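# Tertiary structure, described
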Amino acid sequence: MNRVDRLLALILYLQSRRTCTAEAIAEHFGLSVRTIYRDIAALGEAGVPILAEAGIGYSLMKGYLLPPVNFSEQEAYALSTGVMLAQRMTTHSYNEKMQSALDKIKAVLPNEAKQRLELLARGMATPTTEHPQQADLSVLQQAIARKQLLSFDYQSASQTHSQREVEAAGLVFYLGRWHLIAWCRLRQDFRDFRTDRIHNLQLHSEQFQARSDFNAKDFLQNSTPIAQLTAQVRFIPAAADRARREWWQGITDEQQHDEGVVITLNCSDWGSLACWLLSLGTAATALAPDEIKQELCRQSQAILALYQTT
């Protein structure tokens, strides 16, 4: 990105936020803080009214706006891909809003660009699946952005039901599910609610004061079990590819051998690792340490006892 494009992008970035620090801007653009200071100074010299407040950050003077910016053809491609992916990860009502936004972008593209975008759409696909049964993400987003109270029926993993009133803090996607992180007035603490277990969702006009500065990235980092254990496992090549894609607690090392691929897997407990390795059958062989071998034997014997006839 050349400097002119970067300065324009910086204005758009400031325009989309009330305040932001130089450090946050530098992280967003992948630049040094010193470069951001120079860019902000250059914008000020060009007449862009940027306000700076110690300890808070930078902001644009109220009322200063750039004229509407048209999307480029490549940006339309990116949003088209986003709509396609949303069909797999969100609800039908949310996907409709994504499609509506894409249609508005297409409306201002030149005819040739529209035709290329339609050609691209026909050339891309994901597996056809039913829309996931989960709470309406657009309602949850509104509750977070506007600090409005939510109520719903929640079904726990043990199939028990309870009525909850919550103060929504964030939405995170992990382990193939969207999760609502919210302060639960019943439990008097922050709780993690899987959105596919939320029913009869209601958004209320009552507003609340945020209890903390919730950050989804920090939440995921702090809530993920620490993987202090490692195991060496030999995989056949096809299973090694699956391990790279699926094992969520990380890989430390990988070595090619005549007998297969030896991968060092990180894990927080032997039980979850053994359960996953058993799903690979004979395509994976635990080499070390003895603890993972013992756990595999224990779980295998339990499975055998479950199906063994007398």
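Residues numbered from 1 in each chain as written. Predicted model: local features only at pLDDT ≥ 70, side-chain atom pairs only at ≥ 80, totals over all residues. Heavy atoms only, no water.

By size, the foremost hydrophobic cluster in this structure holds 22 residues, and its most contacted members are F235, I263, L265, L273, W276, L277 and I292. If you tally residues by element for this core, the top one is helix α10 (residues 270–278), at 5 residues. Within the second largest apolar cluster, 17 residues are counted, among which are L137, L140, L171 and A182. (Core = buried A, V, L, I, M, F, W, Y, C linked by side-chain atoms within 4.5 Å. Buried < 20%, exposed > 50% of the residue type's maximum accessible area, 1.4 Å probe, protein only. Helix = DSSP H or I, 4+ residues; strand = E, 2+ residues; numbered from the N terminus.)

Here we take up the sheet that holds strand β8 (residues 229–235). The antiparallel open sheet is built from 4 strands, whose spatial order is β9-β10-β8-β11. Either end of the sheet is taken by a strand with one partner, and the two such strands are β9 (251–257) and β11 (284–288). Between one strand axis and the next, the sheet turns by 25° as a mean value, whatever way the strands run. In this structure, β8 lies alongside β11, joined through 4 bridges in antiparallel fashion. Looking at the pairing, Q232 lines up with A288 of β11. Against the sheet, α10 engages β8, β10 (260–267) and β11, with an angle of about 10° to β8. Where helix α11 (residues 290–307) meets the sheet, it contacts β8 and β11, and its direction lies at approximately 140° from that of β11. (Pairing = 2+ DSSP bridges. Axes fitted to C-alpha atoms, helices over the stretch in contact; angles between N-to-C directions. Contact = heavy atoms within 4.5 Å.)

For the pair helix α1 (residues 3–15) and helix α3 (residues 33–45), the least separation of the axes is 10 Å and the interaxial angle reads 80°. With respect to their mutual orientation, α1 and α3 come out roughly perpendicular. On α3, the residues touching R3, R6, L7, L10 and I11 of α1 are T35, R38, D39, I40, A42 and L43. Along the lines of polarity and charge, the residues of the contact of α1 with α3 split into 6 nonpolar, 1 polar and 4 charged. (Parallel < 35°, antiparallel > 145°, perpendicular 65-115°, else oblique. Nonpolar A, V, L, I, M, F, W, Y, C, P; charged D, E, K, R; others polar.)

Moving on: the pairing of strand β2 (residues 57–60). Here 4 bridges tie strand β1 (residues 50–53) to β2, and the two strands are oriented antiparallel to one another. Opposite E53, over in β2, you have G57 as the bridge partner. What sits between β1 and β2 in their antiparallel hairpin is a turn of 3 residues, with G55 showing a positive phi close to 80°.

This part covers the environment of F193. The residue F193 is located in strand β6 (residues 189–194) in this model. Between the C-alpha atoms of F193 and I11, which are 182 residues apart in sequence, the distance is 37 Å. Contact partners of F193, with chain neighbours within four places excluded, come to F152, Y154, R164, V166, W178, H179, L180, A182, C184 and I198.

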